[in-house]
Amino acid sequence: MLLIVRMRWLLLIALFGAVLFVPPGWLPDPIRLQLAQWLGAGDYQALPASVRVPYADAEQPCPEDLLGWREAQRIEGVDIRAAATCLADNPHVVAAVVRGTNNVSTETLMKSGLAPDAVTKGRDLDGDGDPDEIHIRLEVVELNGGSPEQAEPVTQFSIAPGIRPGFWVFAPKTFGMATENFESPRARTILRLPSPAIRVEQGDKILITLENSHYMPHTLHFHGVDHPFLDSDGEGNDGVPITSEIPVMPGNARTYNLEPRQPGTMFYHCHVQPHVHIMMGLQGLFVVEENRPDNWLQTLNVGAGQVRVPSRAVRESFDREYDLQYLDIDRELNEIIQRYNDPRLIIEQMHRRYDVTDAKSDYFTLNGRSFPYTFRESLVIVKPDERIKLRIVNGGSSGIALHTHGHKATVTHFDGIAVQPAARITRDVVWIATAQRVDLALETTNDGLHSYGSGVWLLHDHQGKGVTTDGIGPGGNLSAIVYEEFLADNGWPNTSGVSFAPYFSEAYYAKEVPVWQSYDPRGLISAAGTSYWALIRLVGAGLFLGALAGALAFVVWGRRGRVK
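Residues numbered from 1 in each chain as written. Predicted model: local features only at pLDDT ≥ 70, side-chain atom pairs only at ≥ 80, totals over all residues. Heavy atoms only, no water.

Q: Can you walk me through the environment of I400 in this structure?
A: The residue I400 is located in strand 19 (residues 400-404) in this model. For the pair I400 and H460, spaced 60 residues apart in sequence, the C-alpha to C-alpha distance is 8.9 Å. Ignoring sequence-local partners within four residues, the contact set of I400 consists of Y326, N394, V430, W431, I432, D461 and Q463. (Helix = DSSP H or I, 4+ residues; strand = E, 2+ residues; numbered from the N terminus. Contact = heavy atoms within 4.5 Å.)

Structure, rendered in C-alpha cells:
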C-alpha cells in the first residue's frame, strides 16, 4: 500500500515536471491559459544568435592562365582566336585537329596529347584546297570511377566543387597517362565531359573508328547524320545492335563510314542499352558544315564551348560561334561505377537493377560543368553589334526551357534543318526536347528587341530544377551572355561586387553553408545558433515524460494485480 502511495506522488511530480519543462507551444490552449493564470505570463525569450559558417577550402574562382591558352595565336599555320573566358581549351589540340594529327610537328602533337592517328587528314578530292578524307579515332574513357586502391574516385572530373558523378565519354585517341601526373588523380584536360563536338564538311569521306578501350560493349550511332545502313563491306553501319550489328566488344574496334550530303547540327551517341549509356555521357554534337573552298575545319571541339576556328560558312554570316551541350544526371545511375570494381557487378546493377522509369535528375550541366564552373569556361562572350551562332543539343532525359536574359534570339534551324525565313521566330525562351538540336542567331544590336544593351545577362534553363545542383541553387546549367566590357582581364565577369566565394566551397553544395551569408553582414538570415535553455527544457521534458509514463504503467499494473 505504501508503495502505491509513493508511486502516486511520483506520478504527480512527473506530471508537474513534464508540464514545467515541455515547451509551451506543445501544450493545448486550455492548459496554457490555466498555467498563465497560476504562474503569470512568461518573459520574452530572445532567439539564439546567428552563427557564421566558414567557407572551407574555397577554390580560386579564376585560376591563372599559366600556359597562355587564352591568347590568340598562330600554331602550325592555323589562326586560333582568343578565348576571353577564364579557362580555355588547349590551342595545340585545336591546331592539331585542324591540320590533322598526321600533318603537324612532333612538338605540337606532344603539347596536344593526341595520338598521331587521332585525326588524320588525307587527299583533297575536289581540288578546292582542303582535305576531303578524314579519319577520326575515338576511345571510351571512364571518369570518376571506383578504385580498389583508394576511397576517392580516380581520373577525377568535377562538374562543381566536390561534385564528381561517374561518367563514360568518347574521347579522341590520346597517348600517355589519363591523369595530370603520377601524384594527381585529376583527369587531363583532354579527357572530360562532354564527348567532343565533331565537325566535318558536306561531301567529305569520313571514317570514324571506335577503339573500345572500355569493359562494356559500345557502338556509335550518328543521329540525324546522313549515312548508309551498311558499309561497303556489307557490315552494319548504323550502330544499333538490335537491327544493325553486334556491338564493339571490349578490346575490339569498328570503323563507320559516312559521306554526309546535308549540312546541319546533328548528334552522335552510343546505342547499346541507350537509356543508360547515353545518360552516362556517351554522346556529343556532330556538325556537318557547308562545303566551301579552302575550308580547314576544327574537326574536334574538345569540351564544346567556343569554336576557336570557325568554318568559312559560319564566318560569312556570324562573328562568333559556340557549341552548347546540355545534360541532366541521375546520381543513382552515375555513382554505380564508384561502388564496384568488378565489371560483372557494374553490368548487373546498371542493366538489371537500375530502373530508368524511376529516375530523377540531381545534376544539370552545360558543356560538362555546373555553376559556378560554367562561369569559368562556358560563358557566351560578345560585343555590341555582333551576330553569334549558337549550336545547341539537349542530351538530357527531359526538355529544357532555354532562356536568354537581355536578348531575344532567332531560331534558324531545328534538328539541322533550316527554318524558312518567313517562319523564323525570335523569342527569349526556346523549348528543346530530348536529343533535339536548335541553332540560334543571337544578335547584340541594342534595339530593345534583339539586345537590351551591354551587361552580364544570364543564360539558363527556366525550369527551377535546372539551375540547381542536387537541389542547391545557384547551380546547374546557369551561364551568361557577357559583353567584353564587363569582363575582367582574367576573363571573370564583373558581377556588381557579389562574392563568389561560397559557390566555390564544397561545403556550399554539401548544404552546410547559409545561402545568403556572404552579403548578410549582420547575420540576420544566417544559420541559427543553439538555445541552451531550450535544449535543457527538451531534455528535462523527455526525462519527466519518461518518468510519467513509467509511473502510469506501474499504477495500472498495480491495480490489475489487486483485482486478481
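Q: Mind showing me how you'd approach the sheet that holds strand 19 here?
A: What holds strands together in a sheet is hydrogen bonding between their backbones, with the strands either parallel or antiparallel. The sheet built from 5 strands is open, its strands ordered 17-26-25-19-23 with mixed pairing. Every interior strand has two partners, whereas the edge strands, strand 17 (380-382) and strand 23 (429-432), have only one. If you compare each strand with its neighbour and ignore which way they point, the axes differ by 20° on average. Relative to strand 25 (residues 456-461), strand 19 runs antiparallel, the two being bridged by 3 bridges. The partner of L402 across the bridge, within strand 25, is D461. (Pairing = 2+ DSSP bridges. Axes fitted to C-alpha atoms, helices over the stretch in contact; angles between N-to-C directions.)

Q: Whenever I open this one, the sheet that holds strand 13 (residues 300-301) confuses me. Can you help?
A: Strand order in this open sheet of 5 strands is 9-11-12-7-13, and the pairing throughout is mixed. Looking at which strands have only one partner, the edges of the open sheet turn out to be strand 9 (221-223) and strand 13. Examined bridge by bridge, strand 9 and strand 11 (residues 264-269) share 3 bridges and lie antiparallel to one another. When the sheet's bridge partners are listed, H223 is paired in strand 11 with F267.

Q: Mind showing me how you'd approach a nonpolar patch on the surface here?
A: Nonpolar side chains collect at one region of the surface, where V498, V515, W516, Y519, L524 and I525 lie side by side and expose about 600 Å² of accessible area between them. Summarising the element assignment, I525 is placed in the loop between helix 11 (506-509) and strand 27 (527-528). Residue I525 is classed as partly exposed on the basis of its relative accessible area, which comes to 49%. (Patch = residues over 30% accessible without salt bridge, like charges linked within 9 Å, V, L, I, M, F, W, Y side chains within 5 Å. Areas by Shrake-Rupley, 256 points an atom, 1.4 Å probe, with all protein chains shown as cover. Salt bridge = Lys/Arg side-chain N within 4 Å of Asp/Glu carboxyl O. Buried < 20%, exposed > 50% of the residue type's maximum accessible area, 1.4 Å probe, protein only.)

Q: When you look at the pattern of salt bridges in this model, what are you seeing that I'm missing?
A: Side chains that differ in charge, positive against negative, can pair when their charged atoms come close. According to the stated counting rule, one finds 34 salt bridges in the structure shown. Salt-bridge contacts for R320 lead to E386; the nearest nitrogen and oxygen are separated by 2.9 Å. Separated by 66 residues along the polypeptide, R320 in strand 15 (residues 320-329) and E386 in the loop between strand 17 and strand 18 (387-394) bring together distant segments of the chain. For E386, a relative accessible area of 11% puts it in the buried group. Between D470 and R331 there is a salt bridge, with its nearest N and O atoms 2.9 Å apart. Here the residue D470 occupies a position in the loop between strand 25 and strand 26 (479-483), and R331 occupies one in helix 7 (residues 331-334), the gap between them amounting to 139 residues.

Q: Looking at this model, I keep getting lost on the pairing of strand 7 (residues 197-201). Mind explaining?
A: The side chains of a regular strand alternate between both faces of the sheet. Among the 5 residues of strand 7, 5 are classified as buried, and the element is accordingly described as predominantly covered. Going residue by residue along strand 7, you find A197, R199 and E201 tucked away on one face and I198 and V200 tucked away on the opposite face as well. Where strand 7 lies against strand 13, 2 bridges are found, and the strand directions are antiparallel. In the sheet register, I198 faces strand 13, and the bridge partner there is L300.

Q: Can you help me understand the packing of aromatic side chains in this one?
A: Here a ring pair, both rings aromatic, is described through the centre-centre distance and the interplanar angle of the planes. For the coordinates displayed, the defined rule picks out 17 aromatic pairs. Ring geometry for F222 against F286: centres 5.7 Å apart, planes inclined by 70°, an arrangement best described as edge-to-face. Of this pair, F222 sits in strand 9 while F286 is found in strand 12 (residues 283-289), placing the two residues 64 residues apart along the sequence. The class of F286 is buried, set by a relative accessible area of 0%. A centroid spacing of 5.8 Å and a plane angle of 40° characterise the contact between F375 and F500, whose relative ring orientation is tilted. Of this pair, F375 sits in helix 10 (residues 374-377) while F500 sits in the loop between strand 26 and helix 11; the two residues are 125 residues apart in sequence, bridging distant segments of the chain. (Phe/Tyr/Trp six-rings, centres within 6.5 Å; stacked < 30°, edge-to-face > 60°.)

Q: Any chance you could explain the side chain of D323 here in plain terms?
A: Structurally, D323 is set in strand 15. Classification of D323 as buried rests on a relative accessible area of 0%. Dropping the residues within four chain positions of it, D323 is found in contact with A197, R199, L285, N301, A304, G305, V307, N367 and R391.

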